[in-house]
Amino acid sequence: MLKVAIVGCGKIADAHASQIQRIKGCEIVGVCDREPLMARQLHERFPVKRYFSDLTELLSDARPDVVHITTPPESHFDIARFCLEWGCHVYVEKPFTLHAEEAQILVALANEKGLKLTVGHDDQFSNVTRRMRTLVHSGYLGGVPVHMESYYCYDLGEPGYARALLGDKQHWVRRLPGGLLHNIISHGIARIAEFLTTDSPQVIAYGFVSPLLKRMDEREIVDELRVIICEEERTTAYFTFSSQMRPSIHQFRIYGQKNGLILDQDQETLIKLRGGRFKSYLEKFIPPVSFAEQYLGNLMKNARTFLARDFHMDSGKKYLIESFYRSITHGTPVPIQYREILLTARIMDTIFAQLNTQRSQVQAQGQMPSHAALTH
Amino acid sequence: MGQMERDAFIIGPDDPILVTGATGFIGSRLVESLLDRGFRNVRCFARLSSKVARVEAAGRRYAGARVEMITGNLLSREDCAAATKDVAVIFHLAAGRGEKSFPDAFMNSVVTTRNLLEASLRHTCLRRFVSISSFAVYTNTQKPRWRLLDESCPVEKRPELRGDAYCFAKVKQDEIVTEYGKRFGIPYVIVRPGYVYGPGNEGLTGRVGIGTFGVFLHLGGSNPIPVTYVDNCAEAIVLAGLKKGVDGEVFNAVDDDLPSSRRFLRLYKRNVRRFRSIYLPHVVSYAFCLLWEKYSIWSEGQLPPVFNRLSWHAYWKKTRYSNEKLKARLGWAPKVPMAEGFRRYFQSCRERERDA
C-alpha cells in the first residue's frame, strides 16, 4: 500500500484528495497545513488517517512514500526539497517552482536520491489530450510540428470577484514573479513545451493590463499576454492568455506538414484537420460534412466515457496521479518528462523577465512604448 | 436611546462596537441601526476591496457619531488584533458566502472567526460576541413533515455530506464559537437568519426552486419560505448583541406571515419578470435527490453530490418556522412588514433586471 500525504489543505488539496481516494493501492496517511483548522477540516471530510500542522512531524510520524504539495507556489521549492531530502517522492502542484533554477535543483536532487517528481499539469492527461497524443505519436501530423497555438484564457468573472482579488494589494498572487500569469499559464505553456525539441527556444512576449482592470484602477496585474516561441527556424508556437476575449477558451492547435489537430479542453473535442484539399467547389461542401461527422463522433465518445463513469472534471488529475504512482511502484517512466518540466519553467522565466523589462521601460518613459516586444 | 432601553442593554452608547462585514448586505443596515439607536462609537471592519461609501455616509448623518473604517483581512491575526482592541461587542457578519469550495468557505468563516475570538481574548474587554450563522445548519431528517423548526432543533451532525460548502462552514463556525465560549468564557450569542432578502440581494432563494437545468424547477410548492427582510434581520442581530441575559443563546430570525413558495414565485413573476417554471411535486423532487445522491456515490463523484436527501430535507421538506424566541427574549418585532418588504425588494429586482 502506497502511503500518501498532502501538504497544504486549501482548495486544490480537495481535488487531490478526491482523486487519490479513487485510486486502488494507496492511502492518505496524513495531511498537513500550517493552520491546524485547515488540516482538520480536510481530515474530517476525507478518509485521512491523521492531520498535522508541522511538516517534520508529518514526515516522521506518518512516514509517507509520496507527498503532494498543494501550498501556494512561493513555498513549493522549499517544501519539495525538504520532502525529497526526507526520501519522499514528490508531486508538486503547478507552477512547479517560482524560477527555473529551483526546478533544476529539485530535478537534480530527485535524480541523486533515486526519487520521482512530477508537476500538476493534469490537463495534459485529460481523455481528449491523451487521444491527441496518441494521434501525434502515430505520425498523423507527418513529422515534427510546424506550428502550434495554445490558448489559455481565464475569466476574471463578475467585477465583484475581480475587485476582491485586485483590491488586496497583499494577495499572494501579486508576490509571484509573474503575478496572475504565473499561477495560471503553465498549463498552456506545457502543451507547447511537450512538442519542442530544443532546450532554449527563442521567446518573444508582450503583455499588458486589460482595459477592464485599468478601469478598476489596476496598474500592476498583467492579464493579457501574447507570446511567440520559435526553435531553430523549424517549429513555432503562439501562446495566448486573455482574461477578456470571449469565448474564454482553452484550446490547443497543432499543425504538421501533412495534417493538423484542434483540441478543445472545455468541450473535450478533438478535430482532425486534413492537410489535402478537395477540388474546386468540393472543398466548400465535403469538409463541413466531415467536421459535422467528427463532432458527432466526439459527442458519442464523451457520452460513452460518461456512461463508463470516467468523465470526471478531474479525470486528468487521476490519470496523472495514477501514472506517477505506477512509476514509483513499478519503475515505469514518470508521466511528465523532467525535460518538459524544466523547459516550461524556462519559458515562463523568459516571459516574466521580458514583461518586467517592458514595465521598467514604461515606468522610465512614463508611457507605453510603441513596440514593447523584446527578444530575450 | 431611552433610559429603559439603556438599562436593558449590556453596553452604553459610547462603548466601542466592532462590526465585521460592515459594508455588506446586512452589515451596512446593522451599522445604521446601531447609529439610529444612539450608539456613537462604531468600528467597521471590511475587506480592502469593499465599497465603504454607504457606511461612511451613514456615519456623517449622525452628529457626534464616530464611525471608524478599518480595512484588512480577518485571516491576518494582526488585523484582528487591531480591529478588536477595546471593543465591548463584536457583531461578526463577515463570512465566506457563496464559495463552492469547502476549504474556501471554511477558511473565510471558521479560521476568521477563530482569529477574532483569539484576538478578543487578548484584550479581555469583550462583553459579547455575536456570530451570524444560518438556517442552513439545521437538519430536518428525522422529523415529520410540517413540524416546527425552532432553535431547539438539531444541526447537521455530518455537514460535509450535505454537499454544501456554506452549510459545512456555518456548522463549524457555530462549533468554534460554542467551544471558545465554553473553554474561555467568551460570552456569545448565535443568530441564525432565514433567507435574507431586500435591495442588494435580488436572487431567488433555492428553497423556492432551482434554475440549474435551463428551466426553473419549482420545488417549494406550498412550503412556507423562511424569509426575513434585511432591515428586520439587522434589527434582530442588533438586539441579540445588546440585550442583557441572553448569553449562550441561539436565535432564529424570520419575519411574520411567511409566504408559501408558490405565492413568493407568483409575486416574483408578476412584479419582476415572467419566466417558465415547472412544479416538481415533493415526491418527485425527493426521488430526484435520492437518485442523484446514489449516482454520485456510484460514479465516484462524476456528478458532485449537490442534490441529496439531506439537502432535500433541509430545503424542500414541508416545515413550519417560528420567531417566538426572538420576540419573547429580545423584544424584536419586524419593523418592515412583509408587504412593504416585498415592494422594495421587487422594485430593486426590476431595476437590476433593467440594468443587466
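In this text, all values refer to a predicted model and were calculated from it rather than measured experimentally.

**Section: the interface of chain B and chain A**
Phase 1: Every contact between the two is made by 19 residues of chain B and, on the other side, 22 residues of chain A.
Phase 2: With eight residues, the single largest contributor to the side of chain B that touches chain A is helix α5 (residues 102-123) of chain B.

**Digging into the sheet that holds strand β1 (residues 2-7) of chain A**
Residues and elements named next belong to chain A.
Phase 1: Spatially, six strands are ordered β3-β2-β1-β4-β5-β6 in an open sheet, and the strand pairing comes out parallel. What marks the edges here is a single partner per strand, and that holds for β3 (48-52) and β6 (117-119). Averaged over all pairs of adjacent strands, the angle between their axes in this sheet comes to 20 degrees, without regard to strand direction.
Phase 2: Where strand β4 (residues 66-69) meets strand β5 (residues 89-92), four bridges bridge the pair, whose relative direction is parallel.

**Comments concerning the sheet that holds strand β2 (residues 41-46) of chain B**
All names here are of chain B.
Phase 1: In space, the seven strands of this open sheet follow the order β3-β2-β1-β4-β5-β7-β12, with parallel pairing throughout. Here the strands that pair on one side only, and so sit at the sheet edges, are β3 (66-71) and β12 (250-253). Across the sheet, the mean angle separating the axes of adjacent strands is 15 degrees when strand polarity is ignored.
Phase 2: The sheet contact formed by strand β1 (residues 17-20) and β2 spans four bridges and is parallel. Within β2, the residue paired with Val 19 across the bridge is Cys 44.

**Here we look at the confidence of the model for chain A**
Phase 1: Residue-level pLDDT values for chain A average 93, and 95% of them are 70 or greater.
Phase 2: Below a pLDDT of 50 lies the segment residues 369-376 of chain A, which in the model reaches 15 contacts outside its immediate sequence neighbourhood of four places, other chains included.

**Considerations on helix α3 (residues 53-61) of chain B**
Residues and elements named next belong to chain B.
Phase 1: Those residues of α3 not exposed but buried are Val 55, Ala 58 and Gly 59. Buried positions in α3, seen along its axis, are confined to an arc of 100 degrees and lie on one side of it. For α3, the exposed residues set more than 90 degrees away from the buried face come down to Ala 53, Ala 57, Arg 60 and Arg 61.
Phase 2: Close packing links the buried residues of α3 with α2 (27-36), β2 and β3.

Here is what the cut-offs are and how they apply
- All residue numbers refer to position in the chain's written sequence, counted from 1.
- Whichever chain is written first is A, and whichever ligand is written first is 1; the rest continue in order.
- Residue-level local features of this predicted model are given only where pLDDT is at least 70; pairs of side-chain atoms are given and counted only at 80 or more, and the full residue set underlies all totals for whole chains, interfaces and linings.
- Two residues form a contact once the distance between their C-beta atoms, set from the backbone, is within 7 Å.
- Working definition: helices are DSSP H or I runs of at least four residues, strands are E runs of at least two. Numbering for both runs from the N terminus.
- For two strands to be treated as a pair, DSSP must find at least two bridges joining them.
- Here an axis means a line fitted to C-alpha atoms, over the contact stretch when the element is a helix, while the angle between two N-to-C directions is reported on a 0 to 180 degree scale.
- Summary of the metric used: pLDDT quantifies the predictor's per-residue confidence within the range 0 to 100.
- Neighbour density around each residue's C-beta defines its exposure: 20 or more other C-beta atoms within 10 Å make it buried, 12 or fewer make it exposed, and counts between make it partly exposed, where C-beta atoms are placed from the backbone.
- Regarding the arc, it is the one traced by the directions from the helix axis to the C-beta atoms.

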